[in-house]
Amino acid sequence: MVSRTVAKDIITLRGSAAIVSEFFGYAANSILYNRGVYPEESFVKVKKYGLPMLLTQDDGVKSFISNLNAQLSEWLEAGKLQRVVLVIMSKATGEVLERWNFSIETDNEVVEKGVSREKSDKEIMREIQAIMRQIASSITYLPCLDEPCVFDVLAYTDKDVAVPFTWIESDAKLIANPQMVKLHSFDTKIHKVDTLVSYKNDDEWEEQ
């Protein structure tokens, strides 16, 4: 008699938090590269999610993203993170040009009772791949950023979360009458991440 062993991919709260926070780090790098916020030569190519990905070599940005990932992971594990927004602004005026919005739904039963969920790593990777491909092709659906830009990251948390000393309270940095493009989502079965990019609409033509 031939027996067969079937392996299940068990997702824990800590494992899911690690997957999602790591995703944010790579997504942020990809956005900064593809939107031209930092020069092309300041990035190096690595392989991740079965795709060629770009990572910044700028020490300040690397440190910022590393610290960001650690804090997001902590909030994700506590079930306290609702949304992360990467904002691209004009360096000269501070005007908000783009908002990359990542909304997070958390399975509260996992947070409260410590249970785990099942989903294959391959399936999660395929879902993340689809988002990364959309970010990489953003030049085809977003207006050109033809001025020097800077970026910031906003985190929306539950109100009972103490603000770490390295973070400050901020306004929402909204765009008036933005255009929006909904991107793919991914789901670890514990955290679901929906992605949306909104951008300044410079088209002043009106339909007749």
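About the thresholds
Residues numbered from 1 in each chain as written. Predicted model: local features only at pLDDT ≥ 70, side-chain atom pairs only at ≥ 80, totals over all residues. Heavy atoms only, no water. Buried < 20%, exposed > 50% of the residue type's maximum accessible area, 1.4 Å probe, protein only. Helix = DSSP H or I, 4+ residues; strand = E, 2+ residues; numbered from the N terminus. Pairing = 2+ DSSP bridges. Expected span 1.5 Å × (residues − 1). Contact = heavy atoms within 4.5 Å. Polar contact = N/O pair within 3.5 Å; in protein donor to acceptor, adjacent residues only side chain to side chain. Axes fitted to C-alpha atoms, helices over the stretch in contact; angles between N-to-C directions. pLDDT = per-residue confidence, 0-100. Core = buried A, V, L, I, M, F, W, Y, C linked by side-chain atoms within 4.5 Å. Phe/Tyr/Trp six-rings, centres within 6.5 Å; stacked < 30°, edge-to-face > 60°. Lys NZ or Arg CZ within 6 Å of the ring centre and 35° of its normal.

## Overview of the pairing of strand S4 (residues 81–90)
Here is the key point about a regular strand: its side chains alternate between the two faces of the sheet. Counting buried residues in S4 gives eight out of 10 residues, a clear majority hidden from the surface. Direction of pairing for S4 relative to strand S7 (residues 149–157): antiparallel, over a ladder of nine bridges. Bridge assignment links Arg 83 to a residue of S7, and that residue is Tyr 156. In textbook terms, the turn of a hairpin is the stretch between consecutive antiparallel strands, and for S4 and strand S5 (residues 96–106) this stretch comprises five residues, one of which, Gly 94, has a positive phi near 80°.

## Side note on helix H2 (residues 59–77)
For H2, built from 19 residues, the straight-helix expectation of 27 Å at 1.5 Å per residue is met to within 8% by its first-to-last C-alpha distance of 27 Å. In the core, the buried residues of H2 are packed alongside helix H1 (13–34), strand S3 (51–56), S4, S5, S7 and strand S9 (191–199). One side-chain oxygen of the residue at the start of H2 lies 3.0 Å from the amide nitrogen of Gly 60, identifying that residue as Asp 58. Immediately beyond the C-terminal end of H2, within one or two residues, lies Gly 79, with a positive phi of roughly 70°.

## A word on the sheet that holds strand S8 (residues 179–187)
Strand order across the open sheet formed by five strands is S7-S4-S5-S9-S8, with antiparallel pairing between neighbours. Of all strands in the sheet, those with a lone pairing partner are S7 and S8, marking the two edges. Across this sheet, the average inter-strand angle for adjacent strands is 15°, counted without regard to direction. Where S8 and S9 come together, seven bridges link them in antiparallel fashion. Bridge pairing in S9 links Lys 182 to Leu 196. Across the sheet, H2 touches S4, S5, S7 and S9, and the angle it forms with S7 is around 10°.

## Some remarks on the confidence of the model for the protein
Taken residue by residue, the protein gives an average pLDDT of 90. The fraction at 70 or more is 92%. Contacts from residues 204–208, a stretch scored under 50 in pLDDT, to residues over four places away or in other chains number zero contacts.

## Notes on the nonpolar core
In this structure, Phe 23, Trp 100 and Met 132 are the most contacted members of the largest nonpolar core, which totals 50 residues. With 10 residues, the top contributor of residues to this core is H1. In terms of nonpolar packing, the next biggest core, distinct from the first, is built from six residues, Val 87, Met 89, Val 96 and Ile 175 among them.

## Considerations on H1
Along its 22 residues, H1 runs 31 Å from first to last C-alpha, staying within 8% of the 32 Å computed at 1.5 Å per residue. Looking one or two residues beyond H1, the residue adopting positive phi is Gly 36, at roughly 70°.

## Here we look at the packing of aromatic side chains
Counted under the stated rule, the structure contains eight aromatic pairs. A centroid spacing of 5.2 Å and a plane angle of 75° characterise the contact between Tyr 33 and Phe 43, whose relative ring orientation is edge-to-face. Placement of the pair is Tyr 33 in helix H1 and Phe 43 in strand S2 (residues 43–48), with a sequence separation of 10 residues. Look at Tyr 33 and you get partly exposed, because its relative accessible area is 23%. Pairing Phe 64 with Phe 151 gives two aromatic rings, centres 5.4 Å apart and planes at 85°, and the pair type is edge-to-face. Placement of Phe 64 in helix H2 and of Phe 151 in strand S7 is noted, with a sequence separation of 87 residues between them. By way of ring pairs, the aromatic residues Phe 23, Phe 24, Phe 102 and Phe 186 are connected into one cluster. Over the face of the ring belonging to Tyr 49 we find Lys 48, whose NZ or CZ atom lies 5.3 Å from the ring centre. For Arg 83, the ring lying beneath its charged end belongs to Tyr 156, and the centroid distance is 4.4 Å.

## Regarding the pairing of S2
Alignment of S2 against S3, held across six bridges, turns out to be antiparallel. Bridge pairing in S3 links Lys 48 to Leu 51. Here S2 hands over to S3 after two residues, with Tyr 49 in that stretch at a positive phi of 60°.

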